[in-house]
Amino acid sequence: MPYLRPLAALTGVVAAATFAHPSVAGAISAPERTGLAAVPTLAGPDIPVDATKAHLDQLQKIADDNGGNRAAGSAGYQASVDYVKGQLDEAGFTTTVQEFDSPNGTSYNVIADWPGGTSGKVVMFGSHLDSVEEGPGINDNGSGTAGVLETARTYAKSGEKPTNTVRFAFWGAEEQGLYGSTHYVESLSSGDKSAIASYTNFDMIASPNPGYFVYDDNSNGNGIRDDLTAHYDEVGVKWEYTDPQGRSDHAAFIDAGIPTGGVYSGGEETKSQAQADKWGGEAGAEFDPCYHQSCDTSQNLDLDALDKNTDTIGAMVWSYATKDLNTIKVPKAA
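A brief structural summary.

About the thresholds
- Residues numbered from 1 in each chain as written.
- Predicted model: local features only at pLDDT ≥ 70, side-chain atom pairs only at ≥ 80, totals over all residues.
- Heavy atoms only, no water.
- Buried < 20%, exposed > 50% of the residue type's maximum accessible area, 1.4 Å probe, protein only.
- Helix = DSSP H or I, 4+ residues; strand = E, 2+ residues; numbered from the N terminus.
- Salt bridge = Lys/Arg side-chain N within 4 Å of Asp/Glu carboxyl O.
- Contact = heavy atoms within 4.5 Å.
- Expected span 1.5 Å × (residues − 1).
- Polar contact = N/O pair within 3.5 Å; in protein donor to acceptor, adjacent residues only side chain to side chain.
- Pairing = 2+ DSSP bridges.
- Axes fitted to C-alpha atoms, helices over the stretch in contact; angles between N-to-C directions.
- Parallel < 35°, antiparallel > 145°, perpendicular 65-115°, else oblique.
- Left-handed = near helix turned anticlockwise from the far one by under 90°.
- Nonpolar A, V, L, I, M, F, W, Y, C, P; charged D, E, K, R; others polar.

Quick look at helix H5 (residues 138-158) now. Summarising burial for H5: 19 of the 21 residues are buried, a large majority. One or two residues past the end of H5 sits Gly159, with phi positive at roughly 80°.

It is worth spelling out the pattern of salt bridges at this point. Inspection of every chain in the model, using the stated rule, returns twelve salt bridges. Between Lys53 and Asp57 there is a salt bridge, with its nearest N and O atoms 2.6 Å apart. Placement of the pair is Lys53 and Asp57 together in helix H3 (residues 49-65), with a separation of four residues, close to one helical turn.

Right, let's get into the environment of Ala63. Inspection of the secondary structure assignment puts Ala63 in helix H3. The class of Ala63 is buried, set by a relative accessible area of 0%. Distance in space between the C-alpha atoms of Ala63 and Ser131 is 9.3 Å, their sequence separation being 68 residues. Setting aside its immediate chain neighbours within four residues, Ala63 contacts Gly68, Asn69, Arg70 and Pro136.

Glancing now at helix H11 (residues 303-321). For H11, with 19 residues, the first-to-last C-alpha span of 27 Å sits near the 27 Å given by 1.5 Å per residue. Counting buried positions along H11 gives 15 out of 19 residues, so the element sits mostly inside the fold. Its side-chain oxygen placed 3.1 Å from the backbone nitrogen of Asp304, Asp302 serves as the N-cap of H11.

On the basis of which strands lie adjacent, the open sheet formed by eight strands has the order S1-S2-S4-S3-S5-S8-S6-S7 and mixed pairing. Strands at the two margins of the open sheet, each flanked by one partner only, are strand S1 (94-102) and strand S7 (240-242). Sheet twist, expressed as the mean angle between neighbouring strand axes with direction ignored, is 25°. In terms of strand pairing, strand S2 (residues 105-113) meets strand S4 (residues 165-171) through four bridges, oriented antiparallel. Bridged to Asp113 within S4 is Arg167. H5 rests against strand S3 (122-128), S4 and strand S5 (196-202) of the sheet, and its axis sits at about 145° to S3.

What follows is about the packing of helix H8 (residues 222-235) against H11. The geometry of H8 relative to H11 is characterised by a closest axis approach of 10 Å and an angle of 125° between their N-to-C directions. Between H8 and H11, the interaxial angle falls into the category oblique. H11 is crossed by H8, and the crossing has right-handed handedness. Contact residues: H8 offers Gly223, Ile224, Asp227, Leu228, His231 and Tyr232, while H11 offers Lys308, Asn309, Asp311, Thr312, Ala315, Met316 and Tyr320. Here the contact of H8 with H11 is composed, by residue class, of six nonpolar, four polar and three charged.

Rendered as structure tokens:
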């Protein structure tokens, strides 16, 4: 997640009764679910956490071999692109590397489509691939990258037959100001933009003092939001809403009128006592004390949060690959 606008404090704002999960708020009811019709189950598949962690170990090695980071414009970032593309190519995806300009020079997005899908609709799942210059970026955002990547590979092995085009994206130069995702959306034709029925973002999903936050910042995306919380409910994970304030790669999709959602395990904000009582961990400490620092290494992870949130990605991919998307609001073609 980049240095952009200040993030509203999660404590007190997100945990307020009107935003809280009913198990926290007591008599306060959860907001009415809107948007897409519910599916029979959102529990989804078990994405192997050991395989997800193995990707993080590779990203750590890439950083170690390239000056300690994987920032856009660096050799570490290029090696990260090559690694992710190689994994997707091996799994059978149709993979494209998209070039664009960033403040650090040329950078790249990796876009991967799974063959099949005849509905004319696209469901997208993404994470940013770059780190800050200060460190290897293993939670921010190696965790989202590894979760999306291993979910894509597991889907490829599953034999599932999607009715919608399933697209995975790994964004460049997010830490410099969302350059990769913004370039991608702006480069789409009006028809291609209209075909994207949903975009779900995964940025920092394994914070060492984790929370379980669901984006609530895009009314077009309330159906995605509600499916994410339905999954958490089904598997027994308590959650809270958060407003990322446009600080991650879903922002360009919101601006284009595309429904978005996402999950987040916390960054530089302080965990409250109520949140520690609900989720465990240390009250009064940051969700990720190594946010944007050199200590954001493969030791800066909560593997249980990584496991739960990667399974959340799986639940959404399996569900949305075959979901009837005719009720989703999408931007009109010009």
